[in-house]
Amino acid sequence: MTADDSFGRLDDDDYPAYTMGRAAEMLGTTQGFLRAIGEARLITPLRSAGGHRRYSRYQLRIAARARELVDQGTPVEAACRIVILEDQLEEAQRVNAEYRHASGSADQAAAAAAA
């Protein structure tokens, strides 16, 4: 990968740019917490060629939400499940909104054709 390729990925939310140490520092948590949410399968970090965990910005947002819940007293496993369900709900709402928009456009086209 060239430097130009790397710069092109700076805006990519899924690019695994952060080491475990840097990710823990950014979240204000421990590396053990990141391992725990990985074991709970909330996030699966990619591995560098040397086998080191690498995290994306998207994964850091998910981890930050889990940390919020844990800080409020929720057990790690439960926090991970809550975050997974929240993510699934958000995706379902997005898909439903797209269907409603597409359906509304089709209804408008049918009404215009009938007029």
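Residues numbered from 1 in each chain as written. Predicted model: local features only at pLDDT ≥ 70, side-chain atom pairs only at ≥ 80, totals over all residues. Heavy atoms only, no water.

**Observations concerning the overall build of the protein chain**
For step 1, the next point in the chain: In terms of regular secondary structure, the protein chain is built from 5 helices and 3 strands.
For step 2, the next point in the chain: Along its sequence from the N terminus, the protein chain presents helices and strands in the succession α-β-α-α-β-β-α-α.
For step 3, the next point in the chain: A total of 115 residues make up the protein chain; the buried ones form 19% of that total.
For step 4, the next point in the chain: Accessible surface computed for the protein chain: about 7900 Å², of which carbon and sulfur atoms make up 52%. (Helix = DSSP H or I, 4+ residues; strand = E, 2+ residues; numbered from the N terminus. Buried < 20%, exposed > 50% of the residue type's maximum accessible area, 1.4 Å probe, protein only. Areas by Shrake-Rupley, 256 points an atom, 1.4 Å probe, with all protein chains shown as cover.)

**Things to note about the side chain of S56**
For step 1, the next point in the chain: Within the secondary structure, S56 is located in the loop between β3 (53-55) and α4 (57-71).
For step 2, the next point in the chain: The contacts of S56, once residues within four sequence positions are left out, are D13, D14, Y15, P16 and Y18. (Contact = heavy atoms within 4.5 Å.)

**Some thoughts on helix α2 (residues 20-27)**
For step 1, the next point in the chain: Listed in full, the buried residues belonging to α2 are M20, A23, A24 and L27. Projected down its long axis, α2 shows its buried positions confined to an angular sector of 100°, all on one face.
For step 2, the next point in the chain: Where α2 ends, the next residue or the one after it, G28, has phi of about 70°, a positive value. (Arc of directions from axis to C-beta.)

**Remarks on the packing of α2 against helix α3 (residues 31-39)**
For step 1, the next point in the chain: Closest axis-to-axis distance for the α2/α3 pair is 8 Å, and the angle between their directions is 100°. By the angle class used here, α2 and α3 are roughly perpendicular. Of the residues in α3, those in contact with M20, G21, A23, A24 and L27 of α2 are Q31, L34 and R35.
For step 2, the next point in the chain: Classifying every residue of the contact of α2 with α3 gives 5 nonpolar, 2 polar and 1 charged. (Axes fitted to C-alpha atoms, helices over the stretch in contact; angles between N-to-C directions. Parallel < 35°, antiparallel > 145°, perpendicular 65-115°, else oblique. Nonpolar A, V, L, I, M, F, W, Y, C, P; charged D, E, K, R; others polar.)

**Observations regarding the packing of α3 against α4**
For step 1, the next point in the chain: Following both chains from N to C, one finds α3 and α4 inclined at 105°, their axes separated by 11 Å at the closest point. In terms of orientation, α3 lies roughly perpendicular with respect to α4. Packed against α3, whose contacting residues are F33, L34 and I37, the element α4 presents A63, A66, R67 and V70 at the interface.
For step 2, the next point in the chain: When grouped by side-chain class, the residues that make up the contact of α3 with α4 number 6 nonpolar, no polar and 1 charged.

**Remarks on the sheet that holds strand β1 (residues 18-19)**
For step 1, the next point in the chain: The 3 strands are arranged β1-β3-β2 in an open sheet whose pairing can be described as antiparallel. Edge strands, defined here as strands with exactly one partner in the open sheet, are β1 and β2 (46-47).
For step 2, the next point in the chain: The pairing of β2 with β3 spans 2 bridges and is antiparallel. Residue pairing in the sheet places L46 in a bridge with R54 of β3.
For step 3, the next point in the chain: The sheet contacts of α4 involve β1 and β3, and relative to β3 the element is tilted by about 85°. (Pairing = 2+ DSSP bridges.)

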